[in-house]
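These are the residues of each chain, in order.
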Amino acid sequence: MRKWVILFGARRARFDRSARAAAQAGFTLVEMLVVITIIGLIMALVGPRVLGYLGESKVKAAKIQIESFSSALDLYYLDMGRYPGSSDGLAALVQRPGSAQEWNGPYLKGGVVPNDPWGHSYVYRSPVEHAPYEIVSFGSDGQEGGTGTAADISSIQANTQANALH
């Protein structure tokens with residue numbers, strides 16, 4: 001019986017030592033709070049820049065989509081001899097308008113007119129002053145006008161800026 005007590009006592013001593021070692025190996029509440037505070041400060045400094053880049057990238061994506069629509073409208077013009085009217089809109093690039101026999105579409109991949117990066121529909125106007133058509137995204141707010149990422153993005157504006165660079 002004495003053997004059993006000695007063995008049991010040895011096991012208990014080993015268990016007590018490993019429990020103490022495990023308790024000492026963890027982090028204290030203060031250490032965890034310090035780490036969380038540091039992460040919060042880093043996010044406060046870096047977060048606004050990342051969100052700014054996200055807004056700028058959506059503006060660039062809208063400009064690229066408008067250029068893609070312009071290319072598709074040029075192909076439509078080559079086939080039909082005219083640009084779609086405002087009543088047909090950009091939908092004429094993916095669906096045959098009325099009884100148009102010369103239509104060789106769809107002119108956009110996927111067979112649908114995508115929304116702008118903010119989830120709003122593009123506005124198509126034709127004809128407009130100084131251009132055969134205009135494609136507009138109303139920006140992040142979805143309303144005409146605005147500044148920053150809420151500013152309107154127009155195909156006429158993009159063409160004017162591109163011509164100024166050349």
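Residues numbered from 1 in each chain as written. Predicted model: local features only at pLDDT ≥ 70, side-chain atom pairs only at ≥ 80, totals over all residues. Heavy atoms only, no water.

A. Summary view of the nonpolar core. Grouped together as the largest cluster of nonpolar side chains are 23 residues, with contacts concentrated most on L73, Y76, L90, L93, Y122, Y124 and I135. Setting aside anything within four residues of it in sequence, one finds L90 in contact with F69, L73, V113, Y122, Y124 and I135. (Core = buried A, V, L, I, M, F, W, Y, C linked by side-chain atoms within 4.5 Å. Buried < 20%, exposed > 50% of the residue type's maximum accessible area, 1.4 Å probe, protein only. Contact = heavy atoms within 4.5 Å.)

B. Geometry of the packing of aromatic side chains. A complete count under the given rule lists six aromatic pairs for this structure. With a centroid separation of 5.8 Å and an interplanar angle of 85°, the aromatic rings of W103 and Y107 are classed as edge-to-face. One exposure class covers both W103 and Y107, and it is buried. An aromatic cluster of at least three residues, connected via ring pairs, comprises Y77, Y83, Y124 and Y133. (Phe/Tyr/Trp six-rings, centres within 6.5 Å; stacked < 30°, edge-to-face > 60°.)

C. Geometry of the environment of Y122. Assignment of secondary structure puts Y122 in the loop between α2 (29-80) and β1 (123-125). By relative accessible area, Y122 is classed as buried at 10%. Taking the C-alpha atoms as reference, Y122 lies 9.7 Å from S154; in sequence the two are 32 residues apart. Here Q65 takes part through its side chain, which lies 2.4 Å from a polar atom of the side chain of Y122. (Helix = DSSP H or I, 4+ residues; strand = E, 2+ residues; numbered from the N terminus. Polar contact = N/O pair within 3.5 Å; in protein donor to acceptor, adjacent residues only side chain to side chain.)

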